[in-house]
Amino acid sequence: MTQTTAVSIPGYKAGTWTIDPTHSEVGFSIRHLMISKVKGTFEKFDATFVTGENPLDSSVTATAQVVSINTNQADRDGHLRTGDFFDAETYPTISFVSTGVRQVKDDFLVDGNLTIKGVTKPVTFDFEFGGFGTDPYGNYKAGATAKTEVTRADFGLTYNAALETGGMLLGEKVTITIELQAALNQA
């Protein structure tokens, strides 16, 4: 159920916002060897946000370039680009297109369709506003954190290996975290 009551957020402005890639990060983490987590990022990404007069009427479209995956280990990154995982040659981008924004108590949720490896599934990002402000160059900026968890097999990412000590090499759940800063486009 979508809430239609107008929401008030201090500093909020309606308009089109473009992500600032030098102050943003698209990251993920997954359980590894069943004892720790491996983290990574996508170094090339883009997003546009259109904020409505009512924040609940806002939308987002975003993409990440699979070839830009970086886990700080070149051999692993190369393996992640192959058909065992993301198949970057066939599916060069990961995309997200929002379908709605909701407020549940004090929390904002952004629903949408996430496409990985040609498979599209609905997901919900928990969205936390960091605030708004003007940078030294006169650009009006917004900051936020968005986070969701997906099951990798839902997107055809099924590669795994059994461990001699029991268990599997990789966990099934992947946490996606986006730290973003975006600038309001000047008219």
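Everything here concerns the structure above.
All figures in this text were calculated on a predicted structure; none of them were measured in a lab.

Observations regarding the overall build of the protein chain
Logical step 1: Check the secondary structure of the protein chain and you find one helix and eleven strands.
Logical step 2: What you see in the protein chain, going N to C, is helices and strands ordered as β-β-β-β-β-β-α-β-β-β-β-β.
Logical step 3: For the protein chain, whose C-alpha radius of gyration is 18 Å, the value lies close to the compact-globule estimate of 16 Å for 187 residues.
Logical step 4: Along the three orthogonal principal directions, the C-alpha set of the protein chain runs to about 55 × 40 × 30 Å.

Examining the pairing of strand 7 (residues 93-104)
Logical step 1: Pairing geometry for strand 5 (residues 59-65) and strand 7, over five bridges, is antiparallel. Within strand 7, the position partnered with Ala 62 by the bridge is Phe 96.
Logical step 2: When strand 7 meets strand 8 (residues 107-116), the two strands line up antiparallel, connected through nine bridges. Directly across from Val 104, in strand 8, lies its bridge partner Asp 107.

Brief notes about a positive patch on the surface
Logical step 1: On the surface, a cluster of positive charge is made up of Arg 31, Lys 37, Lys 39 and Lys 147.
Logical step 2: By secondary structure assignment, the location of Arg 31 is in strand 2 (residues 25-32).

A short note on the nonpolar core
Logical step 1: Phe 42, Phe 49, Phe 86, Ile 94, Leu 114 and Phe 125 are the most contacted members of the largest nonpolar core, which has 45 residues in total.
Logical step 2: Counting residues per element, this core draws most heavily on strand 11 (residues 170-184), which supplies seven residues.
Logical step 3: Sequence-distant contacts of Phe 49, that is, excluding residues within four places in its chain, are made with Gly 15, Thr 16, Trp 17, Ile 19, Ser 59, Val 60, Leu 180 and Ala 182.

With respect to the environment of Gly 166
Logical step 1: Locating Gly 166 in the fold gives a position in the loop between strand 10 (140-151) and strand 11.
Logical step 2: On the basis of relative accessible area, Gly 166 is assigned to the partly exposed category, the value being 38%.

Section: the environment of Lys 173
Logical step 1: Among the secondary structure elements, Lys 173 is positioned in strand 11.
Logical step 2: Residue classification places Lys 173 among the partly exposed positions, given a relative accessible area of 44%.
Logical step 3: Residues Lys 173 and Ile 30, spaced 143 residues apart in sequence, show a C-alpha to C-alpha distance of 6.5 Å.
Logical step 4: Excluding anything up to four places from it in sequence, Lys 173 contacts Ser 29, Ile 30, Glu 149, Val 150 and Thr 151.
Logical step 5: Within polar-contact distance, the side chain of Lys 173 engages the side chain of Thr 151 at 2.8 Å.

Observations concerning the pattern of salt bridges
Logical step 1: This structure, assessed with the given rule, holds four salt bridges.
Logical step 2: In this structure, Asp 20 and Lys 141 form a salt bridge, with 2.8 Å as the shortest nitrogen-oxygen distance. Here Asp 20 is found in the loop between strand 1 (15-19) and strand 2, whereas its partner Lys 141 is found in strand 10, with 121 residues between them in sequence.
Logical step 3: Among the residues examined, Asp 20 registers a relative accessible area of 13% and is labelled buried.
Logical step 4: Classification of Lys 141 by relative accessible area gives buried; the value is 10%.

A word on unusual backbone geometry
Logical step 1: Non-glycine residue Asn 72 carries a positive phi angle of around 65°.
Logical step 2: With a phi angle near 55°, Lys 105 is a residue other than glycine that sits in the positive phi range.
Logical step 3: Mapped onto the fold, Lys 105 is located in the loop between strand 7 and strand 8.

A closer look at the pairing of strand 11
Logical step 1: Bridge count for strand 1 against strand 11 is three bridges, and the pairing is antiparallel. In the sheet register, Trp 17 faces strand 11, and the bridge partner there is Leu 184.
Logical step 2: Relative to strand 11, strand 2 runs antiparallel, the two being bridged by seven bridges. Its bridge partner being in strand 11, Phe 28 is matched across the sheet by Ile 176.
Logical step 3: As paired strands, strand 10 and strand 11 are joined by eleven bridges and run antiparallel to one another. By the bridge assignment for strand 11, Val 150 is matched with Val 174.

Rules used in this analysis
Residues numbered from 1 in each chain as written. Predicted model: local features only at pLDDT ≥ 70, side-chain atom pairs only at ≥ 80, totals over all residues. Heavy atoms only, no water. Helix = DSSP H or I, 4+ residues; strand = E, 2+ residues; numbered from the N terminus. Rg over C-alpha atoms; globule rule 2.2 N^0.38 Å. Pairing = 2+ DSSP bridges. Patch = residues over 30% accessible without salt bridge, like charges linked within 9 Å, V, L, I, M, F, W, Y side chains within 5 Å. Areas by Shrake-Rupley, 256 points an atom, 1.4 Å probe, with all protein chains shown as cover. Salt bridge = Lys/Arg side-chain N within 4 Å of Asp/Glu carboxyl O. Lys, Arg positive; Asp, Glu negative; His and termini not counted. Charge placed at Lys NZ, Arg CZ, Asp CG, Glu CD. Core = buried A, V, L, I, M, F, W, Y, C linked by side-chain atoms within 4.5 Å. Buried < 20%, exposed > 50% of the residue type's maximum accessible area, 1.4 Å probe, protein only. Contact = heavy atoms within 4.5 Å. Polar contact = N/O pair within 3.5 Å; in protein donor to acceptor, adjacent residues only side chain to side chain.

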